[in-house]
Amino acid sequence: MKKLLAIFAFLGFLTLGMTPVANAQEAPATETAAAPSEEVGLHKELKVKFIEGNAFFMSFVVLALILGMAFIIERIIYLNLAEINPKKLIASVEGALEKGNVEEAKEICRNTRGPIASIFFQGLSRVDQGIDVVERSVVSYGGVQAGLLEKGLSWVTLFIAMAPSLGFMGTVIGMIQAFDKIQQVGDISPTVVAGGMKVALITTVGGLIVALILQIFYNYLLAKVESILNEMEDSSISLLDAIIKYNLKFKK
C-alpha cells in the first residue's frame, strides 16, 4: 500500500511539474510572458527530444525512472519513520529497570516506533532467561530489522543498471537504422547518418541521466541505513549493560 501511494505521489509530482501553464494564453498583451514561454519551450523541447530518441525505448527509460523513484520514496518514508531519539529511549528503559519494573520498560518499547524499540522489546522479553539468551535474541532480531531496513534497495540497483542498458540498446538500434539508410541510399552522407545517430545519442544520454539520478538517491538511502544500523548496535550494547545492572541489583 505504501509503495502504491508513493507511485501515485511521484506521478502526480511529474504531472504537476511538466504541465504547461494553462492561463498563459489568456494573459494580457501588456504583461511579459517570458517565464511561461520558457516553461512551455522547455516542455516542448523535452517532448521533441523524447520523440526523436525513439519513443519506444525512451518510454522504458522513463518507466525505469518512475519505478526506481517509487521504491526510493517508499524507502525514504520508511527510514524516516524508523529514526528515533535512541538516547531518550535508553534513558527511559534504564529508568524503568533501575526501579525493577521490567513490564514498564517493555511498555515503553511497545509504544515507541522503530527497529531499536523492537529490538529492546525482544531483549526485555527474555530477561528471566539469562543475559546470554538476551544477547542472542538481540543479535538475531537485529539481523531481521537490518533486512527490513534494506528491503527494496535491490530493486533500486536493478533500475540503476537497467536505465543505461536500455539507453545503450537504443544506441544499437539507432546505429542499425543509420546503416540501413546508408545501405538503401548507397551513399555515406551526414544527412543520411544524422537521424540514426541522433536516436543513438539521445537514448544513451537519457539512460545515463536516469541512472545518475537514481544513484544519488541510492547512496543517500545507504547512508541512512548505515546510520540507523550504527544506532541499533550502540543501543543494543546499552540495553545489555542495563539488563546486567538489573540482574545484579534485583536477582542476587
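Residues numbered from 1 in each chain as written. Predicted model: local features only at pLDDT ≥ 70, side-chain atom pairs only at ≥ 80, totals over all residues. Heavy atoms only, no water.

Explain the overall build of the protein to me, and be specific about the residues and the numbers.
Each helix and strand counted, the protein has nine helices and zero strands in total. Sequence-ordered secondary structure for the protein, helices as α and strands as β, is α-α-α-α-α-α-α-α-α. Relative to its 252 residues, the protein shows a buried fraction of 35%. Long-range pairs, those at least 24 residues apart, make up 79% of the contacts in the protein with a sequence separation of at least 6. Accessible surface for the protein amounts to roughly 15000 Å². Of this, 65% is attributable to carbon and sulfur atoms. (Helix = DSSP H or I, 4+ residues; strand = E, 2+ residues; numbered from the N terminus. Buried < 20%, exposed > 50% of the residue type's maximum accessible area, 1.4 Å probe, protein only. Contact = heavy atoms within 4.5 Å. Areas by Shrake-Rupley, 256 points an atom, 1.4 Å probe, with all protein chains shown as cover.)

Could you give an account of the environment of alanine 105, with specific residues and numbers?
Here alanine 105 is to be found in helix H5 (residues 102-110). Along the sequence, alanine 105 and leucine 124 sit 19 residues apart, while their C-alpha atoms lie 7.7 Å from each other. Among all residues touching alanine 105, those that are not within four sequence positions of it are Val93, Ala96, Leu97 and Leu124.

Please give an account of the nonpolar core that cites residues and values.
In this structure, Val93, Leu97, Phe120, Leu124 and Leu214 are the most contacted members of the largest nonpolar core, which totals 46 residues. Elements that contribute at least two residues to this core include exactly helix H3 (55-82), helix H4 (86-98), H5, helix H6 (115-124), helix H7 (131-149), helix H8 (153-185) and helix H9 (190-250). With 13 residues, the top contributor of residues to this core is H9. (Core = buried A, V, L, I, M, F, W, Y, C linked by side-chain atoms within 4.5 Å.)

Describe the packing of aromatic side chains, with residues and values.
For the structure on display, the rule yields two aromatic pairs. When the centroid spacing of 5.9 Å and the interplanar angle of 10 degrees are considered together, the rings of phenylalanine 71 and tryptophan 155 count as stacked. Note that phenylalanine 71 is positioned in helix H3 and tryptophan 155 in helix H8, a separation of 84 residues in sequence. Members of the aromatic cluster, connected to one another through ring pairs, are Phe71, Trp155 and Phe159. Across from the ring centre of tyrosine 78, 4.4 Å away, lies the NZ or CZ of arginine 75, which sits over that ring. (Phe/Tyr/Trp six-rings, centres within 6.5 Å; stacked < 30°, edge-to-face > 60°. Lys NZ or Arg CZ within 6 Å of the ring centre and 35° of its normal.)

Outline the packing of H4 against H5, listing residues and values.
Close contact between H4 and H5 brings their axes to 7 Å; oriented N to C, the two are set at 160 degrees. The angle between the axes of H4 and H5 places the two elements in the roughly antiparallel class. Crossing angle aside, the handedness with which H4 passes H5 is right-handed. From H4, Leu89, Ser92, Val93, Ala96 and Leu97 reach across to H5, where they touch Val102, Glu104, Ala105, Ile108 and Cys109. A breakdown of the residues in the contact of H4 with H5 according to their chemical character gives eight nonpolar, one polar and one charged. (Axes fitted to C-alpha atoms, helices over the stretch in contact; angles between N-to-C directions. Parallel < 35°, antiparallel > 145°, perpendicular 65-115°, else oblique. Left-handed = near helix turned anticlockwise from the far one by under 90°. Nonpolar A, V, L, I, M, F, W, Y, C, P; charged D, E, K, R; others polar.)

Go over the layout of surface pockets, please, and point to the residues and values.
Estimates place the volume of the second largest pocket at around 220 Å³. Around the second largest pocket, the lining is made up of 13 residues, and of these Val138, Gly142, Met232, Glu233 and Ser236 lie nearest the centre. Contributing elements (two or more residues each) for the lining of the second largest pocket: H7 and H9. When the residues that make up the lining of the second largest pocket are grouped by side-chain class, the tally is eight nonpolar, three polar and two charged. (1 Å grid on protein atoms, 1.4 Å probe; cavity = no way out; pocket = protein on both sides within 12 Å on 5 of 7 lines; lining within 4 Å. Points joined across faces, edges and corners; volume = space filled by probe spheres on them.)

If you had to explain the packing of H4 against H6 to someone new, which residues and values would you point to?
For the pair H4 and H6, interaxial distance at closest approach is 11 Å and the crossing angle is 20 degrees. What the angle tells us is that H4 and H6 run roughly parallel. Here H4 runs over H6; the crossing is right-handed. Contacts between H4 and H6 pair Pro86, Leu89, Ile90, Val93 and Leu97 from the former with Ile116, Ala117, Phe120 and Leu124 from the latter.

So what about H7? Which residues, and what values?
In this model, H7 (19 residues) spans 26 Å end to end at C-alpha, consistent with the 27 Å of a helix rising 1.5 Å per residue. Among all positions in H7, only Val134, Ser137, Val138, Gly142, Gln145, Ala146 and Leu149 are buried. (Expected span 1.5 Å × (residues − 1).)

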